[in-house]
Amino acid sequence: MRTLWFALFCCFASAQVQAQTSPDFPALIPAQPVAGQDVTLVFALGGCFISQENVDGLTQEVRVNGQQIDVFLSFLGTPCGVPPPAIPQDYFLGAFGQGEFNLAVYTIFADEPFPETTAGLTPGFETTLRVGGPAPVPVLSLVGYVFLMLSLLLLAVWKMRRRMG
């Protein structure tokens, strides 16, 4: 009988816990993107929480307003005994221009639409996303071009000598 009461207590307690993230997540991939490169958020809801479409049929929504990026994730909290390990999921954020952005992730219950504003909401995760400039294309210096031309000239002379001799 004690075991039954303990199991019921654990189920009730786990249903009352708010969505929590795993200590290994969230993560941004790539961690240091360059301008125009796609960015993905890897986020894991821990315990008895799973990603679920909200009332509008969406599991995520990304809003960019200047240097602020707000990400809304929809989840379903289910009562369970022993919480399973967190399962990471990928959420595509898009590509951004060069600059520094404030990224805030909000988790919303699946039975609600995503809110119009973030007023009164506390983000489950916040970080700064630094997007670097486009990667420079390496070019040769003047010395490099001279060396390349001399190498090609020597190769041509060597080939011609082999044909003649």
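Bear in mind that the values here come from a model prediction, so they are computed numbers and not experimental data.

For the rest of this paragraph, the subject is the packing of aromatic side chains. Applying the stated criterion across every chain yields a total of four aromatic pairs. Ring centres 5.4 Å apart and planes at 20 degrees place the aromatic pair Phe72 and Tyr106 in the stacked group. With Phe72 in strand β5 (residues 68-77) and Tyr106 in strand β7 (residues 99-109), this residue pair connects regions lying 34 residues apart in the sequence. You can call Phe72 buried: its relative accessible area is 0%. A centroid spacing of 5.5 Å and a plane angle of 45 degrees characterise the contact between Phe96 and Phe101, whose relative ring orientation is tilted. There is no split in this pair, since Phe96 and Phe101 are both buried. An aromatic cluster of three or more residues is present, and its members are Phe72, Tyr106 and Phe114.

A few words on the pairing of strand β2 (residues 38-45). One face of the sheet, then the other: side chains in a regular strand alternate in exactly this way. Across the eight residues of β2, six count as buried, placing the element largely inside the fold. In terms of strand pairing, strand β1 (residues 27-29) meets β2 through three bridges, oriented antiparallel. By the bridge assignment for β2, Leu28 is matched with Leu41. Relative to strand β6 (residues 87-95), β2 runs antiparallel, the two sharing eight bridges. Looking across to β6, one finds that Val42 is bridged to Asp90.

In this section: unusual backbone geometry. For the bond running from Ile29 to Pro30, omega is -5 degrees, close enough to zero to count as cis. By secondary structure assignment, the location of Pro30 is in the loop between β1 and β2.

In this structure, Leu41, Phe43, Val71, Leu93 and Phe96 are the most contacted members of the largest nonpolar core, which totals 19 residues. Elements supplying a minimum of two residues to this core: β2, β5, β6, β7 and β8 (125-131).

For β5, the buried fraction is high: seven of the 10 residues fall into the buried class. In terms of strand pairing, strand β3 (residues 49-51) meets β5 through three bridges, oriented antiparallel. Counterpart to Ile50 in the pairing with β5 is Leu76. Note: strand β4 (residues 60-65) against β5, six bridges, orientation antiparallel. The partner of Val62 across the bridge, within β5, is Val71. Between β4 and β5, which pair antiparallel and follow one another directly, the connecting turn spans two residues, one of which, Gly66, has a positive phi of 65 degrees. Strand direction decides the pairing type here: β5 and β7, joined by eight bridges, are parallel. Bridge pairing in β7 places Phe75 opposite Phe109.

Definitions and cut-offs
Residues numbered from 1 in each chain as written. Predicted model: local features only at pLDDT ≥ 70, side-chain atom pairs only at ≥ 80, totals over all residues. Heavy atoms only, no water. Phe/Tyr/Trp six-rings, centres within 6.5 Å; stacked < 30°, edge-to-face > 60°. Helix = DSSP H or I, 4+ residues; strand = E, 2+ residues; numbered from the N terminus. Buried < 20%, exposed > 50% of the residue type's maximum accessible area, 1.4 Å probe, protein only. Pairing = 2+ DSSP bridges. Core = buried A, V, L, I, M, F, W, Y, C linked by side-chain atoms within 4.5 Å.

Honestly, it's all geometry; don't read function into it.
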